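# Architecture and fold: a report
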Amino acid sequence: MDDKRSWWTDKVCLITGGSRGIGAAIALQAAHYGAAVVVNYYQSEKLAGSLVRSIMEKGGKALAIQADISQEAAVENMFLTIEKTLGSVDMLVNNAGVSLRKLLVDTGMDEWQTLMDINLKGPFLCCRRALGPMMEKRCGRIVNVASIWGMRAASCESVYSAAKGGLIAFTRSLAAEMGPWGITINALAPGPIDTEILLTELDEEERAELAGEIPLGRLGRSEEVAEACLFLLSEKASFINGEVLVIDGGWKS
């Protein structure tokens, strides 16, 4: 633990969509290792506040900031607040995302735009704003939370798949671009994870059926995705760049 803490101490870690699910699990573990954590949220003010209080009660540093990451001005204001309060962002986790299960012929342009704005434009805006200070330091970590559906076919999730596939391509290209500055950029591609999104999309019987298709016989947990993310943010992942780590229990291997 001491070795881990020496790497994380004095680093600022921003997690978008960090108030619940995978984002909250990442925030808790990053704070446990010693990073100052920024929990970005859009609407979940109470959850974000509760998470920050929990971190601070354990002696950690944490800050909750409301921002719509699809809006350039909101992203700029968020980063300015972080820099004035904690310092520049050393680690960025683009976790915020929205999904859509719908036939393409029934999908409206507003739904298309929302998915592209949150799942792809948001990470673009946050990466662009974070990279300047990282380049000056010649050090930085970015992890983009994509999806298994960004790599493989998904019926009734064509728009979501397109957005997450774009995020994976963005990750790989940006990793090549930023490597000379010592900045690593990787992606996670979770499969079925037992989060609020999955609970709203599938009933209990459907979740049980899905779990039965996974070789490990269960759905994944947010904490397991968080552990993978923390590894990619850590010093031990210093030579891993432009990769996509699949976390699906062998489901689509």
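Structure report, in brief.

Cut-offs and rules
Residues numbered from 1 in each chain as written. Predicted model: local features only at pLDDT ≥ 70, side-chain atom pairs only at ≥ 80, totals over all residues. Heavy atoms only, no water. Axes fitted to C-alpha atoms, helices over the stretch in contact; angles between N-to-C directions. Helix = DSSP H or I, 4+ residues; strand = E, 2+ residues; numbered from the N terminus. Parallel < 35°, antiparallel > 145°, perpendicular 65-115°, else oblique. Left-handed = near helix turned anticlockwise from the far one by under 90°. Contact = heavy atoms within 4.5 Å. Nonpolar A, V, L, I, M, F, W, Y, C, P; charged D, E, K, R; others polar. Pairing = 2+ DSSP bridges. Core = buried A, V, L, I, M, F, W, Y, C linked by side-chain atoms within 4.5 Å. Buried < 20%, exposed > 50% of the residue type's maximum accessible area, 1.4 Å probe, protein only. Phe/Tyr/Trp six-rings, centres within 6.5 Å; stacked < 30°, edge-to-face > 60°.

## Observations concerning the packing of helix α2 (residues 21-33) against helix α9 (residues 222-233)
Packing of α2 against α9 leaves a shortest axis separation of 8 Å and a crossing angle of 50°. Classed by the angle they form, the pair α2 and α9 counts as oblique. The element α2 and its partner α9 pack so that their crossing is right-handed. Here α2 contributes G21, I22, A25, I26, Q29, A30 and Y33 to the contact with α9, which in turn contributes S222, E223, V225, A226, E227, C229 and L230. For the contact of α2 with α9, a count of residues per class yields nine nonpolar, three polar and two charged.

## Here we look at the sheet that holds strand β1 (residues 12-15)
Read across the sheet, seven strands follow the order β3-β2-β1-β4-β5-β6-β7 without closing on themselves; strand pairing throughout is parallel. Looking at strand neighbours, the two that pair on one side only are β3 (61-66) and β7 (244-247), the edges of this open sheet. Across the sheet, the axes of successive neighbouring strands diverge by a mean angle of 15°, strand direction being ignored. When β1 meets strand β4 (residues 91-94), the two strands line up parallel, connected through three bridges.

## Considerations on the nonpolar core
Ranked by internal contacts, the top residues of the largest apolar core, which has 35 residues, are W8, C13, I26, V37, V93, L188 and L233. Listing elements by their share of this core, those giving two or more residues are α1 (2-8), β1, α2, β2 (36-41), α3 (45-57), β4, β5 (140-145) and α9. Among the elements that line this core, the one with the most residues is α2, at eight residues. Residue contacts for L188: discarding those within four places in its chain leaves V143, N144, V145, A146, S147, V225, A228, C229, L232, L245 and I247. In terms of nonpolar packing, the next biggest core, distinct from the first, is built from 26 residues, V89, C126, L174 and I185 among them.

## Let's talk about the packing of helix α4 (residues 72-85) against helix α5 (residues 109-137)
Packed helices, taken two at a time, are described by the angle between their axes plus the distance between the axes. With their axes 9 Å apart at the nearest point, α4 and α5 run at an angle of 35° to one another. The handedness of the crossing between α4 and α5 is right-handed. Here E72, V75, E76, M78, F79, L80 and E83 of α4 lie close against α5, whose contacting residues are L125, C126, R128, R129, A130 and P133. Residue composition of the contact of α4 with α5, by class: eight nonpolar, no polar and five charged.

## Regarding the packing of aromatic side chains
Scanning all chains against the criterion turns up two aromatic pairs. Relative to Y33, the ring of W8 lies with its centre 5.7 Å away and its plane at 45°, an arrangement referred to as tilted. With W8 in helix α1 and Y33 in helix α2, this pair connects stretches of sequence that are 25 residues apart. By relative accessible area, which is 9% here, Y33 ends up buried. On the basis of an interplanar angle of 75° and a centroid distance of 5.4 Å, the ring pair of W149 and W251 is categorised as edge-to-face. Taken together, the residues W149 in the loop between β5 and α6 (158-178) and W251 in the segment after β7 connect sequence positions 102 residues apart. You'll find W149 and W251 in the same group, each marked buried.

## Considerations on the environment of P180
Topologically, P180 is positioned in the loop between α6 and β6 (183-190). It is 39 Å that separates the C-alpha atoms of P180 and E57, two residues lying 123 residues apart in sequence.

## Concerning unusual backbone geometry
Backbone geometry at D10 places phi at a positive 70°, although glycine is not the residue there. Positionally, D10 belongs in the loop between α1 and β1. If you check the backbone angles, R138 has positive phi at about 55° while not being a glycine. Within the secondary structure, R138 is located in the loop between α5 and β5.

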